[in-house]
Amino acid sequence: VSICICAVFSIFEISARWFGFMSGVFDFLGSLVYAESAVLEWDMRLRSVAFEPPDFANTAGYLWPWLLGAILFARGAWRQLLLVVFIILNVMLVLSDSRTSMIVVAGLAGVFFLLRTIFLPPHRLGNPEKMVMPVTIVSMLVVPAVLILLVAYFNDIVFAVIEGDRVSNISRLASMTASFRMFEARPLFGFGFGQYAFHITDYMPYWGYYSWEIRAWLLESMDYWPAVYSIYGRFAADMGMLGPLMWASIWLWLSRTVLITTLTYRKITGELPFAAYPLIMSCFGILLAGVPNDSVRA
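What counts, and at which threshold
Residues numbered from 1 in each chain as written. Predicted model: local features only at pLDDT ≥ 70, side-chain atom pairs only at ≥ 80, totals over all residues. Heavy atoms only, no water. Disulfide = S-S within 2.5 Å. Buried < 20%, exposed > 50% of the residue type's maximum accessible area, 1.4 Å probe, protein only. pLDDT = per-residue confidence, 0-100. Helix = DSSP H or I, 4+ residues; strand = E, 2+ residues; numbered from the N terminus. Expected span 1.5 Å × (residues − 1). Bend = angle between axes of the 7 residues up to and from the residue. Axes fitted to C-alpha atoms, helices over the stretch in contact; angles between N-to-C directions. Parallel < 35°, antiparallel > 145°, perpendicular 65-115°, else oblique. Left-handed = near helix turned anticlockwise from the far one by under 90°. Contact = heavy atoms within 4.5 Å. Nonpolar A, V, L, I, M, F, W, Y, C, P; charged D, E, K, R; others polar. Core = buried A, V, L, I, M, F, W, Y, C linked by side-chain atoms within 4.5 Å. Salt bridge = Lys/Arg side-chain N within 4 Å of Asp/Glu carboxyl O.

Draft legend 1. Structural detail: the state of the cysteines. If you walk through the whole model with that rule in mind, you get zero disulfides. In this model Cys 4 remains outside any disulfide bridge; the closest cysteine sulfur is found in Cys 6, 9.3 Å from its own. Look at Cys 4 and you get partly exposed, because its relative accessible area is 41%.

What follows is the structure, given as structure tokens:
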């Protein structure tokens, strides 16, 4: 129902903003949906009923696993209907052109592949315990490799972001850079929970001020709390190594608990419960959503 509401509203949004049709209807609906928030004329990406495209992508990321699970367990015409809704959701995600949707959905697709083929295959019991160590070793190799590549090509990334056409990319990269500089200064316990904003000016890279958003937050009297744009950057700056480890451990422990409970249930009943895939994927969805978002509330 939520996806259908977003889709119907998006029809008027696309018609009015992209093609100039039904502008009056969209303005009326927009005044109800967005309240006092102005229509983002400068950002033509699809945002549907959300405040911004990343907000829509973030919410859609939480719906994605449950709709996929419903498709796997449904039958007949109901399954076909759910498949159509799933396709519509993914089309809207593409039109939102959001970094959040790319990270979250790509990661969820990878988690689903591992569940479907290794940990919880649909037609055999499997032995996921044997796969824990290989998957852990691969993960321990992949993550450092990605970090090494980011460090090696960091200057090239900064140049590309500065030369790009999205000021928000500069704001995001500069804010994350400041947070990890703070982590480097105090790696064990950080600067204290909620202290990032009070120290950001000491660790902001010079190229961060190329962004008018950064200048407005740090140099002007703008009533806006400086964002970090990544939950891992926020926790790393505020709590040091302890913060990201605690955050990741919570959701990894929950997903492992669901996996073990599901295996026990299936050994007793021979059935794979509907909620297993969506619950495990949702745990990883939260971890993935934290890469481009720093709001614990979200």
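Further notes follow.
Draft legend 2. How the structure looks around the confidence of the model for the chain. Considering every residue of the chain, the mean pLDDT works out to 85; 90% of them sit at 70 or more. When mean pLDDT is compared element by element in the chain, helix H11 (residues 231–239) scores highest at 94, while helix H6 (residues 129–152) scores lowest at 69.

Draft legend 3. Here's a closer look at helix H3 (residues 53–73). Here H3 spans 30 Å end to end across 21 residues, near enough to the 30 Å set by a 1.5 Å rise per residue. A maximum bend of about 30° is found in H3 at Leu 63, where proline Pro 65 lies one to four positions downstream.

Draft legend 4. Looking closely at the packing of helix H8 (residues 167–185) against H11. In the contact formed by H8 and H11, the axes pass within 8 Å of each other and the chain directions differ by 30°. By the angle class used here, H8 and H11 are roughly parallel. The interaxial crossing formed by H8 with H11 has left-handed handedness. Two secondary-structure elements touch here, H8 through Ser 179, Phe 180, Met 182 and Phe 183 and H11 through Tyr 232, Gly 233, Ala 236 and Ala 237. Its residues assigned to classes, the contact of H8 with H11 comprises six nonpolar, two polar and no charged.

Draft legend 5. Region of the structure containing the nonpolar core. Counting residues in hydrophobic clusters, the biggest one holds 39 residues, and the most contacted among them are Trp 64, Leu 120 and Met 281. Elements with a contribution of two residues or more to this core: helix H1 (2–19), H3, helix H4 (76–96), helix H5 (99–119), helix H12 (242–269) and helix H13 (276–289). Broken down by element, the residue count for this core peaks at eight residues, all from H3. Apart from residues no more than four positions distant in its own chain, Leu 120 is found in contact with Leu 115, Leu 259, Thr 262, Leu 263, Arg 266, Leu 272, Ala 276, Tyr 277 and Ile 280. Of all hydrophobic cores here, the second largest spans 19 residues; its members include Met 182, Ile 214, Trp 217 and Ala 237.

Draft legend 6. Region of interest: unusual backbone geometry. Positive phi values are uncommon outside glycine, yet Ser 48 reaches one of about 55°. Checked against the element boundaries, Ser 48 lands in the loop between helix H2 (23–33) and H3. Its relative accessible area of 0% is what places Ser 48 among the buried residues. Of note, the phi angle at Tyr 229 is positive, near 75°, even though the residue is not glycine. Inspection of the secondary structure assignment puts Tyr 229 in the loop between helix H10 (212–219) and H11. Judged by relative accessible area, which is 12%, Tyr 229 ranks as buried.

Draft legend 7. Local environment of the pattern of salt bridges. All chains considered together, the criterion is met by two salt bridges. Between Glu 13 and Arg 17 there is a salt bridge whose closest N-O contact spans 3.4 Å. One end of the pair is Glu 13 and the other is Arg 17, both in helix H1 and four residues apart, which spans about a single turn. Its relative accessible area of 2% is what places Glu 13 among the buried residues.

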